[in-house]
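# Fold and contact review
Take a look at the letters that make up each chain.
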Number of protein chains: 2
Amino acid sequence: MSPKYVLDPFSEKYAHRTSSMLSSEIRDLLEITARPDIISLAGGLPYTQAFDPQVILRLVSRVLAEDCAASLQYGPSDGFAPLKRSLTEIMREEGTPCLPEDLIVTSGAQQGLEFISKIFINPGDHIITEAPSYVGALNSFLSYQPQIHAIPMDEEGMVLAELRNTLQRLEERGERAKFIYTIPNFQNPAGITMSRDRRYALLETAEEFDCLVVEDNPYGLLRFEGDPVPTLRSLDESKVIYLGTLSKIFSAGMRIGWVAAPHPVLEKLLLAKQSADLCTSSFTQRIAHLYFAEEDWKGQVSQLVEIYRERRNVLLASLDEFLAELCSWTHPQGGLFVWVTLPAYIHASEMLASAIDAKVAYVPGSGFFPYRGGENCMRLNFSYPEPEVLWEGVKRLSKVIKREVALAKSLGLQGKPAGGRPHGQE
Amino acid sequence: MSPKYVLDPFSEKYAHRTSSMLSSEIRDLLEITARPDIISLAGGLPYTQAFDPQVILRLVSRVLAEDCAASLQYGPSDGFAPLKRSLTEIMREEGTPCLPEDLIVTSGAQQGLEFISKIFINPGDHIITEAPSYVGALNSFLSYQPQIHAIPMDEEGMVLAELRNTLQRLEERGERAKFIYTIPNFQNPAGITMSRDRRYALLETAEEFDCLVVEDNPYGLLRFEGDPVPTLRSLDESKVIYLGTLSKIFSAGMRIGWVAAPHPVLEKLLLAKQSADLCTSSFTQRIAHLYFAEEDWKGQVSQLVEIYRERRNVLLASLDEFLAELCSWTHPQGGLFVWVTLPAYIHASEMLASAIDAKVAYVPGSGFFPYRGGENCMRLNFSYPEPEVLWEGVKRLSKVIKREVALAKSLGLQGKPAGGRPHGQE
């Protein structure tokens, strides 16, 4: 086989993947994570060690005793009906009413992102994301070749003036954005939560410029402090496509998420689901249903919140201890991540090799931007490493950063932002 | 929200879905299947009742005792490494050498089809399928807007002269087919197995016209009679993308399949996997791995083969008994399906409502063609219904067909083929 016939179609279809990192770098990092001598602050893993295997075994025994043949069989593409009801209960816990017929089950929320990309994005279409944003969402979007407009955030979420500017410029050119993608709670990677006022303003702006809102809410129930803020979907069902997942409150390994959407969208999502994998696992859907219907899942979430709150506190304290003078960072009220901003002249991607030499890993910020940005930033995860490991990890990291800063100073590079290299070099 | 903003993108993206039925009709039929008074020969379900729940429970206990946290966690996108080794053992059982690093695990073979569609098909591209072909494959393909050239089959598989004609016509126009899609063993829906000679000839033709071959082999191990024929992949690794699944030999509900492909393709499949759902269930992959590594899976396959052989025999005998004078059908050497051809003037889609009135269901043939064809055909499934149910189902079906034939004769319609209505009516 001549290789050109294999490579041709990709060069066409992936031509718009201009970012230097995205998935391949994340993948390499995750491989590093597996080395036991390296402290990884790079992952995005929930702490599944907190789960009691006996609970899962009890549920599986029930499924097999009562419903074995069906659990081994194909199931409906929209999901196992009893589980769909359980998922609406989870949404109610966040003050978001939803009927089972308003959602479909997906193989993780990631699959919902892929479907939204597939059904909405034609090459050249415009979409809006936060800057930075979840790398898995950016990957799905980019694989369908949109133009992504990444809107900066302040401590209340997406900066509305920037959003309006972008939408207005599009309107002046006779174009519009297909949707606005946001992770309003404890955002991945920035750890920022969109304020209540900002949520109302965002929905008004979406209304004014006629675009849908995609609300990705994997972490909403993992709040350590502060009052809950209403979900966007609870404020405007007609305009919001809502993505949920069991990955952070039950098990990522079961691969169960869902999408709630207006019915015309839901019908197309269902077609996408049938093409994509026919149905989500009948086996894991039944286990998950029993878990949420009959076990103390809220108690388990509370336990996770306690664990993660302590770890966040340790991470923030260690940053205070070791990096207060050089860096700034976000203060997440929940979720899994802290976003650290280094001095402008430090290039986090280029520093990664040194960090790994020093036995600590992180995700460079540039991976969370569709094209460019975040070069002097990094995402740190606090959900997975034990507290004392977090402390030691930041200590190691601080040495690497301080060495890098000293090097930059000795070379007189402090004036040059990491992201601002001359165009000729790219 | 103005509905046009929801509907606009779909009308663009799904404009090429010209077939009248495909997934929505299949879906309606599957709903009918659930009504207990109806004998459904429409499904494509394996007989999961043949599985011992105790075996699954034993495996799950092991997974939870030894590896609970990892089984609840995200896993590598290319699949759980020990399972990948087990999958190569399954391929070896069909004489197809494969290394673990030559495959990725997917959420059923359907997901492999979706990925192949996504990475290869740009709108307007040409691809080749058998006529008829698997409706789930056609759905995935069509959602990326190719032009599908459906090549008729004889009892040895795709008719090579027709294939060559098509490829030659494309070549004359400066075009080519991206790939040839085939289910060589006990094809869904036709029940036909591609002969050894035809396989060699197909690969030669693919070589001559520079296109890849996508070999979908869900049923290969379910052979009731005759000698195994080599897989296409075992004859030419460099040109064949091979799709396997555990759905027919273990459990469809676990959603585990795989794709083995040349490495440049595999790398793009892995990117597609990451965008699509990050990874296949860590939990079900571990269960499946233990099943194939430690249980008597070959014994279980033999048991399924016994069950399905008997059911195929009953289905063929009942067709002989009730429909010998009116219809013809294929004689599958394995798999799940028989393809029945009715008199040319009978429209199987239009007859379906009468059949359901008579408490029997089937899939009309037209669903297995991308645009047109098979109007006087139907697919019958024999893997799921018990033997006496199969017999009764065909008996009911024969009455419906005979009534339809009598009606057509009384209206003088015998001369008009079902698929040949005037263009003005379409």
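Residues numbered from 1 in each chain as written. Chains lettered and ligands numbered in written order. Predicted model: local features only at pLDDT ≥ 70, side-chain atom pairs only at ≥ 80, totals over all residues.

### Considering the overall build of chain A
On a plain count of helices and strands, chain A comes out with 15 helices and 14 strands. Put simply, 77% of the contacts in chain A that link residues at least 6 apart link residues at least 24 apart. (Helix = DSSP H or I, 4+ residues; strand = E, 2+ residues; numbered from the N terminus. Contact = placed C-beta atoms within 7 Å.)

### Thoughts on the domain arrangement of chain A
Residues and elements named next belong to chain A. Examined at the domain level, chain A breaks down into domain 1 (4-50 + 300-412) and domain 2 (73-294). Placing the centre of domain 1 and that of domain 2 at their C-alpha centroids yields a distance of 24 Å. On the side of domain 2, 31 residues touch domain 1, which itself brings 31 residues to the contact. Elements that contribute at least two residues to the side of domain 1 that touches domain 2 include exactly α2 (22-33), α13 (297-323) and β11 (337-341). Broken down by element, the side of domain 1 that touches domain 2 gets its largest block of residues, six residues, from α13. Among the residues making up the side of domain 1 that touches domain 2, the classes are represented as 15 nonpolar, 12 polar and four charged. (Domains from an automatic or database assignment. Nonpolar A, V, L, I, M, F, W, Y, C, P; charged D, E, K, R; others polar.)

### As for the confidence of the model for chain A
Residue and element names in this part refer to chain A. Per-residue pLDDT for chain A has a mean of 90; in total, 89% of the residues score no lower than 70. Residue range residues 420-426 is modelled with pLDDT below 50. Its contacts to residues more than four positions away, or to other chains, number zero contacts. The ipTM value of the predicted complex is 0.92, and its pTM value is 0.92. (pLDDT = per-residue confidence, 0-100.)

### Considering the interface of chain A and chain B
It is common to report an interface's size as the accessible area lost on association of the parts. At the interface, 66 residues of chain A touch 66 residues of chain B. For the side of chain A that touches chain B, the elements supplying multiple residues, two or more each, are α1 (4-13), α3 (53-71), α5 (109-120), α6 (135-142), α11 (263-277) and α12 (282-294) of chain A. If one sorts the elements of the side of chain A that touches chain B by residue count, α3(A) sits on top with 10 residues. Among the residues making up the side of chain A that touches chain B, the classes are represented as 31 nonpolar, 26 polar and nine charged.

### Comments concerning the environment of Phe369(B)
Of note, Phe369(B) is situated in the loop between β13 (363-364) and β14 (377-381). Among all residues touching Phe369(B), those that are not within four sequence positions of it are Ala131(B), Pro132(B), Ala150(B) and Gly374(B).

### Quick word on α5(A)
Residues and elements named next belong to chain A. Compared with the 16 Å implied by 1.5 Å per residue over 12 residues, the 17 Å span of α5 between its first and last C-alpha is a close match. Of all the 12 residues making up α5, 12 are buried; the element is thus mostly covered by neighbouring parts of the structure. Of all the positions in α5, only Ala109, Gln110, Gln111, Gly112, Leu113, Glu114, Phe115, Ile116, Ser117, Lys118, Ile119 and Phe120 are classed as buried. (Expected span 1.5 Å × (residues − 1). Buried ≥ 20, exposed ≤ 12 C-beta atoms within 10 Å, placed from the backbone.)

### Looking at the sheet that holds strand β14 (residues 377-381) of chain A
Residue and element names in this part refer to chain A. Spatial ordering of the open sheet is given by β10-β11-β14-β13, a layout of four strands whose pairing is antiparallel. Where the open sheet ends on each side, the last strands, each with one partner, are β10 (328-329) and β13 (363-364). As paired strands, β10 and β11 are joined by two bridges and run antiparallel to one another. Bridged to Trp329 within β11 is Val340. (Pairing = 2+ DSSP bridges.)

### Here's the deal with the packing of helix α5 (residues 109-120) of chain B against helix α6 (residues 135-142) of chain B
All names here are of chain B. Contact geometry of α5 with α6 gives a least axis separation of 8 Å together with a crossing angle of 30°. The angle between the axes of α5 and α6 places the two elements in the roughly parallel class. Regarding α5 and α6, the two cross each other, and that crossing is right-handed. Of α6, the residues touching α5 (which contributes Gln110, Leu113, Glu114 and Ser117) are Gly136, Ala137, Ser140 and Phe141. Of the residues assigned to the contact of α5 with α6, the class counts are three nonpolar, four polar and one charged. (Axes fitted to C-alpha atoms, helices over the stretch in contact; angles between N-to-C directions. Parallel < 35°, antiparallel > 145°, perpendicular 65-115°, else oblique. Left-handed = near helix turned anticlockwise from the far one by under 90°.)

### Remarks on the sheet that holds strand β5 (residues 157-158) of chain A
All names here are of chain A. Strand order in this open sheet of eight strands is β2-β9-β8-β7-β6-β3-β4-β5, and the pairing throughout is mixed. Taken across any chain shown, the strands that pair with only one partner, and hence form the sheet edges, are β2 (103-106) and β5. When strand β6 (residues 177-182) meets strand β7 (residues 212-216), the two strands line up parallel, connected through four bridges. Each bridged residue has a counterpart across the sheet, and for Thr182 the counterpart in β7 is Glu215. Here helix α4 (residues 81-93) sits on the sheet in contact with β2, β8 (240-245) and β9 (257-260), set at roughly 105° to β2.

### Points about helix α12 (residues 282-294) of chain B
Taking 1.5 Å per residue, 13 residues should reach 18 Å; α12(B) reaches 18 Å between its end C-alpha atoms and fits that length. Of all 13 residues making up α12(B), 11 are buried, and the element is well covered by its neighbours. Every buried residue of α12(B) is listed here: Ser282(B), Phe283(B), Thr284(B), Gln285(B), Arg286(B), Ile287(B), Ala288(B), His289(B), Leu290(B), Tyr291(B) and Phe292(B). Elements that come into contact with the buried residues of α12(B) comprise α12 of chain A together with α3 (53-71), α4 (81-93), β2 (103-106), α10 (247-251) and α13 (297-323) of chain B.

### Concerning the nonpolar core
Membership of the largest hydrophobic core comes to 259 residues, with the highest contact counts inside it found for Phe179(A), Val259(A), Ile287(A), Phe179(B), Val259(B) and Ile287(B). For Phe179(B), the contacting residues outside a window of four places in its chain are Phe120(B), Ile127(B), Cys211(B), Leu212(B), Val213(B) and Val214(B). (Core = buried A, V, L, I, M, F, W, Y, C linked by C-beta atoms within 7 Å.)

### Examining unusual backbone geometry
Residue and element names in this part refer to chain A. The amide bond that connects Asn188 to the next residue, Pro189, takes the cis arrangement and shows omega of 15°. In this fold, Pro189 is placed in the loop between β6 and α8 (196-208). Of note in the backbone geometry, Leu278 takes a positive phi value of approximately 70° without being a glycine. You can see Leu278 is positioned in the loop between α11 and α12. Residue classification places Leu278 among the buried residues on the basis of 23 C-beta atoms within 10 Å.

### Concerning the relation of the copies chain A and chain B
Superposing chain A onto chain B takes a rotation of 180° combined with a translation of 0.0 Å along the rotation axis, leaving an RMSD of 0.0 Å. When the rotation and shift are considered jointly, the pair of chain copies conforms to a two-fold rotation axis. Of the interface residues in chain A, 100% have counterparts in chain B that sit at the interface too, so the contact is made through matching surfaces. (Least-squares fit on C-alpha atoms with pLDDT ≥ 70 in both.)

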